[in-house]
Amino acid sequence: MSMAVVGMIAGVALGFAGYFGGFGAFLLVAALGAVGFVVGRFLEGEYELGDFFRRRDERRRDERRR
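Just so we're clear, the structure is a prediction, and the values are computed from it rather than from any experiment.

Any chance you could explain the overall build of the protein chain here in plain terms?
Along its length, the protein chain carries 3 helices and 0 strands. Expressed as a percentage of the 66 residues in the protein chain, the buried residues total 2%. Summed over all atoms, the accessible surface of the protein chain reaches about 5700 Å², with 65% contributed by carbon and sulfur.

Next up, the structure:
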């Protein structure tokens, strides 16, 4: 599935949430979509668990080693 189709589906879902549930539902759907995006990237292997818990200066040191 192309990213354009995924974006369209996400937009439709946010539109329905905003129309039928109001702004609170819109924010909830957007936040859960962001969480789902991060979890999906984590499961694909693009993120590692340590990426979320390392300090900023440790990440810079790790990047210089590569």
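I keep staring at a nonpolar patch on the surface and nothing clicks. Help me out?
A contiguous nonpolar patch, built from M1, M3, V5, V6, M8, I9, V12, F16, Y19 and F20 and spanning about 1200 Å² of accessible area, is present on the exposed surface. Mapped onto the secondary structure, M8 falls in helix α1 (residues 3-44). On the accessibility criterion, M8 (53% relative accessible area) is exposed.

Rules and cut-offs
Residues numbered from 1 in each chain as written. Predicted model: local features only at pLDDT ≥ 70, side-chain atom pairs only at ≥ 80, totals over all residues. Heavy atoms only, no water. Helix = DSSP H or I, 4+ residues; strand = E, 2+ residues; numbered from the N terminus. Buried < 20%, exposed > 50% of the residue type's maximum accessible area, 1.4 Å probe, protein only. Areas by Shrake-Rupley, 256 points an atom, 1.4 Å probe, with all protein chains shown as cover. Patch = residues over 30% accessible without salt bridge, like charges linked within 9 Å, V, L, I, M, F, W, Y side chains within 5 Å. Salt bridge = Lys/Arg side-chain N within 4 Å of Asp/Glu carboxyl O.

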